[in-house]
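A closer look at the structure
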Amino acid sequence: VGCEDGSVKLFQVVPEGIQFERNLDRRKGRILCLSWHPSDTHIAAGSIDILRVFDVSSGQTVQRIMVNYHVQKVKRECVVWSIAFLSSGTVITSDSFGRVQFWDWQQGTLLESHTVSTSAVLSLAVSEKEDSIIVGTSTGATYQFQLLPVKMGSLEKRWVRTKPFQHHTHDVRAVAHSSTALISGGLDAQLVIRPLMEKVQKKGYDAALRKFIFPHRRLVSCARKARLLLFQFSQHLELWRLGSTDTTGKDGEVLPLRRMPEHLVQLKSKGPEHIYCSSVSPCGSWLAYSTASRFHLYRVQYEGDGVSVKKVPKAPKLLLPAYQLQFSADSGSLFVASARGSVHVLQLLEPGGCKHLHTFRPPSGSPEAVYLLAASADGHWVAAVSGDWAIHIYNLKCLKHHCTVPTYSCAVTALAIHPVTNNLVIAYSDQQLFEFSIPEKQYTAWSRTVQNCGLHKVWLERDSPITHITFNPKNPSHILLHDIYMFCVLDKSLPLPDNSALLMNQSTLKQLPENARQRQLHAFKICKKFQPLLFADLLDENCLVMVERPIMDIKTQLPLPIQQKKFGT
């Protein structure tokens, strides 16, 4: 750990956490970045105007290099923002002068220097083979450097800037280099994955440029019966009552509200910790959230137009943090997904208490964190997804493990249990959909048909994962699901489209006569009217709630980007 006072501290990683071991040689100046040599014998540290190399065993500084020693008459300080230590002994630095520099740490000499920006280069990352690096700048640009032969067949190699990308508008504070892609995170709240086409074997999910703006987890929860929405922010929660109307209209019309949306409660989290997860019960009377070290449960009471919130005293001590909270359909239980692989079941008591009922643990004893939960409407089952991608199903009546869904090669992004059939519908990160019968412990006939026929190529090439699944109890064949860019009603009673069919065919179908329309119907009904879509759920058989988060709302809160002179202006 590098500190502001110039010290570098070594900590031992132990099962309980981290344990301080010792300080390395302390010198004047802030430590802004660190990198271990792959052999673990040395550490390179970047500071202001200087980079240092420490010997780990002795703790002493064995090399000190002035990063501006080769530049004449520098009047401003040079901040070394990022550093990387290669196994060859080369140290790479990026700095506030917009340079990427390569150093021989033993000789203390500059090997190469590349100026890539008129402003700072803030971040850098190296590929596993150490033949490619990515750097991020404060102008929002990212650049790739590759170690290439000076000429064809030559053994001598040099670092060459090969690919520039401009996917961000603000500072690129974090970058990573995988075997097939360059990954960057910007102050503009975007995570961008840019595939390296020469490393991708075929066109598909891995070959698509992907931009992620919102986290792939639930930030909104819905109390269906009470018609409430709970919004999760980093350090507070907001509870809103939805507006209502008593008029009807045609498709596309905006109806006048009889009752306006109402902000009922704002609940602030104490201390600096961010809120990990939150949930509101279907009846709207219970509210829960978890931070890294605390679990909070509240009783919400409605008296006329007033609302009171009381903290439930003596909440059970649980292994924290919790990664997801899920209330049962009858609001009588709360399921807590633990970071240690278990699922805690809490019984909610009137007028405002709770007790620990049971803890489910996977038969394998895996300590991987549980990050998704789904409970059945009849109160019989709960499904839990852990970090090793295993889906465990537990029986809530006899409090035992029921079965494990066959493991698939991708992460689960959403799952839900059908209220009528108790079939578990699962969406994976590669856009595949499965349906698993919990009572029969096997995939359903429809699921096998999907896998045999395959899903439409346009569906599979989408770059945004399904984040929520729900159902219409009045129409058991309908599955409602959404990602950030579309809302979809999947009708299992209709045939799957083949690749020659138009996947998004709603506007086309409206223009066709009835006979022709019937021939072109297929299972997918897709709506892209609402974007970016944070949340969608069915309140009742006639009412659907959608939550959008306009990108411009986020961008107006950002600082101004660095102004760049453009040609012709």
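Residues numbered from 1 in each chain as written. Predicted model: local features only at pLDDT ≥ 70, side-chain atom pairs only at ≥ 80, totals over all residues. Heavy atoms only, no water.

1. Some points on unusual backbone geometry
Going from Glu350 to Pro351, the amide bond is cis rather than trans, its omega being 0°. In the Ramachandran plot, Ala189 falls in the positive-phi region, its phi being about 65° despite a non-glycine side chain. Looking at the element boundaries, Ala189 is found in the loop between strand E16 (181-186) and strand E17 (191-195). In this structure, Asn422 takes a positive phi of about 60° despite not being glycine. Within the secondary structure, Asn422 sits in the loop between strand E35 (412-417) and strand E36 (423-428). The buried category is assigned to Asn422, whose relative accessible area is 9%. (Helix = DSSP H or I, 4+ residues; strand = E, 2+ residues; numbered from the N terminus. Buried < 20%, exposed > 50% of the residue type's maximum accessible area, 1.4 Å probe, protein only.)

2. Some words on the environment of Cys398
The residue Cys398 is located in the loop between strand E33 (391-395) and strand E34 (400-405) in this model. In sequence terms Cys398 and His344 are 54 residues apart; their C-alpha atoms lie 15 Å from each other.

3. Let's talk about the pattern of salt bridges
A full pass over the atoms with the stated rule returns 15 salt bridges. A salt bridge links Arg99 to Asp95, with the nearest nitrogen and oxygen atoms 3.0 Å apart. Of the residues examined, Arg99 reaches a relative accessible area of 6% and is grouped as buried. (Salt bridge = Lys/Arg side-chain N within 4 Å of Asp/Glu carboxyl O.)

4. Observations concerning the packing of aromatic side chains
Taken as a whole, this structure holds 13 aromatic pairs when the rule is applied. With a centroid separation of 6.2 Å and an interplanar angle of 80°, the aromatic rings of Phe85 and Trp105 are classed as edge-to-face. Here the residue Phe85 occupies a position in strand E7 (residues 80-85), and Trp105 occupies one in the loop between strand E9 (99-104) and strand E10 (109-115), the gap between them amounting to 20 residues. Judged by centre distance (5.6 Å) and plane angle (85°), the rings of Phe436 and Tyr443 are edge-to-face. The residues Phe436 and Tyr443 share a single accessibility class, namely buried. Connected via pairs of aromatic rings, a cluster forms that spans Tyr408, Tyr428, Phe434, Phe436 and Tyr443. (Phe/Tyr/Trp six-rings, centres within 6.5 Å; stacked < 30°, edge-to-face > 60°.)

5. Some thoughts on the pairing of E36
With six of its six residues buried, E36 lies for the most part within the structure. Neither face of E36 is exposed, since Asn423, Val425 and Ala427 on one face and Leu424, Ile426 and Tyr428 on the opposite face are all buried. As judged from the five bridges shared by E35 and E36, these two strands associate in the antiparallel manner. Residue Ala416 lies in a different strand from E36, and its bridge partner there is Val425. In sequence, E35 turns back onto E36 through a hairpin of five residues, with Asn422 there showing a positive phi of about 60°. With five bridges connecting them, E36 and strand E37 (residues 433-437) associate as antiparallel partners. Its bridge partner being in E37, Ile426 is matched across the sheet by Phe434. What sits between the antiparallel neighbours E36 and E37 is a turn of four residues, in which Gln431 has the positive phi angle 75°. (Pairing = 2+ DSSP bridges.)

6. Focus on the sheet that holds strand E25 (residues 295-303)
Reading across from one edge, E23-E24-E25-E26 is the order of the four strands in this open sheet, with antiparallel pairing throughout. On the outer flanks of this sheet lie strand E23 (277-280) and strand E26 (306-311), each paired with one strand and no other. Direction aside, neighbouring strands of the sheet carry axes that sit 20° apart on average. Note: E25 against E26, six bridges, orientation antiparallel. (Axes fitted to C-alpha atoms, helices over the stretch in contact; angles between N-to-C directions.)

7. Quick look at the nonpolar core
Counting 21 residues, the largest nonpolar core has Trp459, Ile466, Ile469, Leu481 and Phe524 as its most contacted members. Every element with two or more residues in this core is listed here: E35, E36, helix H1 (445-453), strand E39 (468-471), strand E40 (478-482), strand E41 (487-491) and strand E42 (524-527). With residues up to four places along the chain from it excluded, the contact list for Ile469 reads Ala414, Leu415, Ala416, Val425, Ala427, Ile479, Leu480 and Leu481. Within the second largest apolar cluster, 20 residues are counted, among which are Cys403, Tyr428, Ile438 and Tyr443. (Core = buried A, V, L, I, M, F, W, Y, C linked by side-chain atoms within 4.5 Å. Contact = heavy atoms within 4.5 Å.)

In short, the description is geometric, and any link to function would need to be established separately.
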